[in-house]
Amino acid sequence: MTGSPTATQPYVLLSCATSIDGYIDDATDERLLLSNDADLDRVDAVRADCDAILVGAGTVRRDDPRLLVRSDRRRAERLAGGLPASPTRVTVTGCGDLDPGARLFTVGDTDRIVYSASGGVEKTRYRLGELATVVDAGDPLDLVRVLADLADRGVRRLLVEGGAVMHGQFLAAGLADELHLVVAPFFVGDRRAPRFVGEGSFPWHPGRRARVLEARQIGDVVLTRYALSERCPAD
């Protein structure tokens, strides 16, 4: 389903790091480091300012992320404000092929929500048990439905950290409000490696350019922030 962000949906911020030639990883089994310590700290601050963090099931399987706020100070500030130490962690799956031993489900004391396509709900609930709340998100899985459910749960600001399929779906559906794109100073040059989104029809094109909010060097990487909806503040 395609559309545009509405006032009732969470504010959706996409975050991604790529090589100069647009790759988000290489074709080896080891994770490619595209960022640096200073930028990772910036991302941690962005996480701490959100109500939920979402990644696709493929990212859970490949990277086994924790999706937690790392800074002791930021966790303490969230707790002092009556919030959990880290945002709610969210993933989406079409088939329910998720490992209950993944760090998303075993590390950290935060709410976990899994949105599953209708055909995978029973399998997902069986595999995860009490580790996460499993929600039927339609068949095929509907991101508008996901956002509506998150809004009902009090999520006002959602950070989408990947992977390429997830980013591509939010972008193609016109459901993203803001994009943080970090470019690392090297090339990957391997067509087997995943890129930041693939082919698709996107709302931003030569006739409708995204608005640049900021371009900033952070150590040896460059961050560009893009406004993708009218809800994005012009700071």
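The structure this text deals with has already been given above.
Let us look at the structure shown here.

### What about the overall build of the chain?
So, step 1. The helix and strand inventory of the chain stands at seven helices and nine strands.
So, step 2. Here the C-alpha radius of gyration of the chain, 17 Å, is about what a compact globule of 235 residues would show, namely 18 Å.
So, step 3. Relative to its 235 residues, the chain shows a buried fraction of 49%.
So, step 4. The contacts in the chain between residues at least 6 apart in sequence include a share of 69% that link residues at least 24 apart.
So, step 5. When the accessible surface of the chain is split by element, carbon and sulfur atoms take 49% of a total near 11,900 Å².
So, step 6. Computed over 30 positive and 35 negative side-chain charges, the inter-centroid distance for the chain is 1 Å.

### A short note on the side chain of Asp-190
So, step 1. Counting through the fold element by element, Asp-190 comes out in the loop between strand S7 (178-183) and strand S8 (211-218).
So, step 2. Residue classification places Asp-190 among the buried residues on the basis of a relative accessible area of 17%.
So, step 3. There is a polar contact of 2.7 Å between the side chain of Asp-190 and the side chain of Arg-192.
So, step 4. Among all residues touching Asp-190, those that are not within four sequence positions of it are Tyr-23 and Ala-27.

About the cut-offs
- Residues numbered from 1 in each chain as written.
- Predicted model: local features only at pLDDT ≥ 70, side-chain atom pairs only at ≥ 80, totals over all residues.
- Heavy atoms only, no water.
- Helix = DSSP H or I, 4+ residues; strand = E, 2+ residues; numbered from the N terminus.
- Rg over C-alpha atoms; globule rule 2.2 N^0.38 Å.
- Buried < 20%, exposed > 50% of the residue type's maximum accessible area, 1.4 Å probe, protein only.
- Contact = heavy atoms within 4.5 Å.
- Areas by Shrake-Rupley, 256 points an atom, 1.4 Å probe, with all protein chains shown as cover.
- Lys, Arg positive; Asp, Glu negative; His and termini not counted.
- Charge placed at Lys NZ, Arg CZ, Asp CG, Glu CD.
- Polar contact = N/O pair within 3.5 Å; in protein donor to acceptor, adjacent residues only side chain to side chain.

By themselves, these figures tell us nothing about what the structure is for.
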